[in-house]
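If you want the building blocks of each chain, they are given just below.
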Amino acid sequence: MFHSARLKLTAWYLLIIMVVSLSFSTVIYRMFSIEVDRFARIQRLRIQRGITNGLTPFTDDNTIPPRAVFDDALISEEEQRFILFLASINIGVLVIAGGLGYFLAGRTLKPISDMVDEQHRFISDASHELRTPLTALKSTLEVNLRDPKLTIATAKTLMKDSISDVDKLQSLSDALLELAQYQTPTNVLQCTTLQLSAVVDRAVRNVAGLAKQKHIAIDHKTPATSIEANEHSLTDLLTILLDNAIKYSPAHSDISVSAKQSDGTVLIAVRDHGIGIPEKDLPHIFDRFYRADTARSKQTVDGYGLGLSIAKRIAELHAGSITATSEPKKGSTFTIKLPVKQSRQTLS
Ligand code: ADP
């Protein structure tokens, strides 16, 4: 599809360039013909005048007749040579414009083709992630439905398990929708001036229940810094990092959130003392559906590997970035870097 679109665009480029080039050549040829006609007229007049005055033009010996001095065939030969010259220029333009047009068409279509590829990957990743748990759920239900000895008690347990599976699928589809929404290329966040401490407080409140279950304390002393950002998205970003910090930390550990401002940038760090991330996984944790291969985390902690992709996208939409450092079995620190002020286009 991309190739045929590239060829079509090249053809359009070529058509436009050739129309311009041919029109230009026609104008030049017209001007050339007018000049040649003028030259021929003047020459004829001069010869005529010479004959009238009894002079033979251009010759000393008076043997060459005036007709032979002025040669019409020479003029038309010159015209033909000029047409040939213009034609070869146009062929050259055709060849160069063809190659250049093909190259430019490729460059013009590249972002669109990348976006289409990305969407295809997203759809296939998402359907793969949804299909596996759906197939498992369906086969469990079918097997139990066919069981003639199924008791009410077993059926109730099965229903409870199914509801919890459906809940997980729902949270997966919510995360997918959120990611899709942030990945829309035209997505521009509406930003307002916010107190950073208020956003951190809200994110901490969002995960308070989870932290309480694991007896994890969250220390958050944020300086009085204001920042231009989208309130909902920035809260989401911090909630994702805090949620992970809790998920991947042992009970009774602690987490800290700190922030500092320098040179028009705010650095927010979320630090935990959890299981950490192996060095080989660190470069991939922000990839969609990637889950680090820590035996404990993959099997016991719920997740789909979408949280950090969403977090990264939110940081990017704020013209910022997010990085992670970690030491296995010691803990991880996620640092968000955001500009204090957003460029005009992202402001509400
Ligand atoms: P998930 O839903 O699996 O938590 P994320 O995208 O949020 O998905 O995280 C991707 C992976 O990065 C996780 O599966 C986990 O292996 C690793 N990870 C993220 N945050 C932490 C953390 N604070 N401590 C240890 N590992 C983490």
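What counts, and at which threshold
Residues numbered from 1 in each chain as written. Predicted model: local features only at pLDDT ≥ 70, side-chain atom pairs only at ≥ 80, totals over all residues. Heavy atoms only, no water. Helix = DSSP H or I, 4+ residues; strand = E, 2+ residues; numbered from the N terminus. Expected span 1.5 Å × (residues − 1). Buried < 20%, exposed > 50% of the residue type's maximum accessible area, 1.4 Å probe, protein only. Contact = heavy atoms within 4.5 Å. Pairing = 2+ DSSP bridges. Near = heavy atom within 4 Å. Polar contact = N/O pair within 3.5 Å; in protein donor to acceptor, adjacent residues only side chain to side chain. Areas by Shrake-Rupley, 256 points an atom, 1.4 Å probe, with all protein chains shown as cover. Nonpolar A, V, L, I, M, F, W, Y, C, P; charged D, E, K, R; others polar. Axes fitted to C-alpha atoms, helices over the stretch in contact; angles between N-to-C directions. Domains from an automatic or database assignment. Buried area = accessible area lost by both parts, 1.4 Å probe. Salt bridge = Lys/Arg side-chain N within 4 Å of Asp/Glu carboxyl O. Left-handed = near helix turned anticlockwise from the far one by under 90°.

This brings us to helix α4 (residues 152-183). The periodicity of an α-helix, 3.6 residues per turn, causes residues three or four positions apart to be oriented the same way. An ideal rise of 1.5 Å per residue puts 46 Å on 32 residues; α4 measures up with 46 Å between its terminal C-alpha atoms. Regarding α4, the residues found buried are Ala155, Leu158, Ser162, Leu169, Leu172, Ala175, Leu176, Leu179 and Tyr182. If you follow the buried residues of α4, they end up packed against α3 (72-146), α6 (231-247) and α8 (307-317).

It is worth spelling out the pairing of strand β7 (residues 331-339) at this point. In terms of residue burial, β7 counts as a mostly covered element, since seven of its nine residues are buried. Direction of pairing for strand β5 (residues 265-271) relative to β7: antiparallel, over a ladder of seven bridges. Residue pairing in the sheet places Val266 in a bridge with Leu338 of β7. Relative to β7, strand β6 (residues 321-327) is paired through seven bridges, and the arrangement is antiparallel. Across the sheet, Ser321 pairs through a bridge with Lys337, a residue of β7.

With that settled, the discussion passes to the site of the ligand. Looking at the ligand, there are 19 residues lining it, with Asn244, Tyr248, Asp272, Arg291 and Leu308 nearest. In the model, an oxygen atom of the ligand is placed 2.6 Å from a nitrogen or oxygen of the Arg291 side chain. With the chains in place, 97% of the 530 Å² that the ligand exposes on its own is no longer accessible. Only α6, α8 and β7 provide two or more residues apiece to the shell around the ligand. Looking at the shell around the ligand residue by residue, the class counts come to ten nonpolar, six polar and three charged.

With respect to topology, five strands assemble into an open sheet ordered β2-β4-β5-β7-β6, the strand pairing being mixed. Pairing within the sheet leaves two strands with one partner each, and these edge strands are β2 (217-220) and β6. Within this sheet the neighbouring strands show an average axis-to-axis angle of 15°, counted without direction. On the sheet, α8 packs against β6 and β7 and is oriented at approximately 140° with respect to β6.

In terms of domains, the chain is made up of domain 1 (2-116), domain 2 (119-182) and domain 3 (191-347). Each of domain 2 and domain 3 has a C-alpha centre, and the two are 28 Å apart. Contact residues are listed per partner, giving 14 residues for domain 2 and 13 residues for domain 3. Between domain 2 and domain 3, roughly 1,200 Å² of surface is buried when both sides are summed, and carbon and sulfur atoms account for 66% of that area. The interface formed by domain 2 and domain 3 holds one salt bridge in total. Of the charged contacts, one joins Arg288 and Asp125 as a salt bridge, the two residues approaching to 3.2 Å between their closest N and O atoms. Taken together, the links from domain 2 to domain 3 amount to four residue pairs in polar contact (both at pLDDT 80 or more). At nine residues, α4 tops the list of elements feeding residues into the side of domain 2 that touches domain 3. The residue makeup of the side of domain 2 that touches domain 3, split by class, is eight nonpolar, one polar and five charged.

A positive phi angle is found at His215, which is not glycine, with a value near 55°. As for its position among the elements, His215 is in the loop between α5 (196-213) and β2. Looking at His215, the relative accessible area reads 52%, which means it is exposed. Within the chain, His252 stands out as a residue other than glycine whose phi angle is a positive 65°. Following the sequence through the fold, His252 ends up in the loop between α6 and β4 (254-262). Look at His252 and you get exposed, because its relative accessible area is 62%.

Take Tyr182: it is sitting in helix α4. What makes Tyr182 buried here is its relative accessible area of 1%. Along the primary structure Tyr182 and Ile310 are separated by 128 residues, whereas in three dimensions their C-alpha atoms are 7.3 Å apart. At 3.0 Å, the side chain of Tyr182 forms a polar contact with the side chain of Ser233.

A few words on the packing of α6 against α8. Interhelical geometry of α6 versus α8 gives an angle of 145° and a closest axis separation of 9 Å. As for the relative orientation of α6 and α8, their crossing is left-handed in sense. In contact with Ser233, Leu234, Asp236, Leu237, Ile240, Leu241 and Asn244 of α6, α8 contributes Gly307, Leu308, Ile310, Ala311, Ile314 and Ala315. Its residues assigned to classes, the contact of α6 with α8 comprises nine nonpolar, three polar and one charged.

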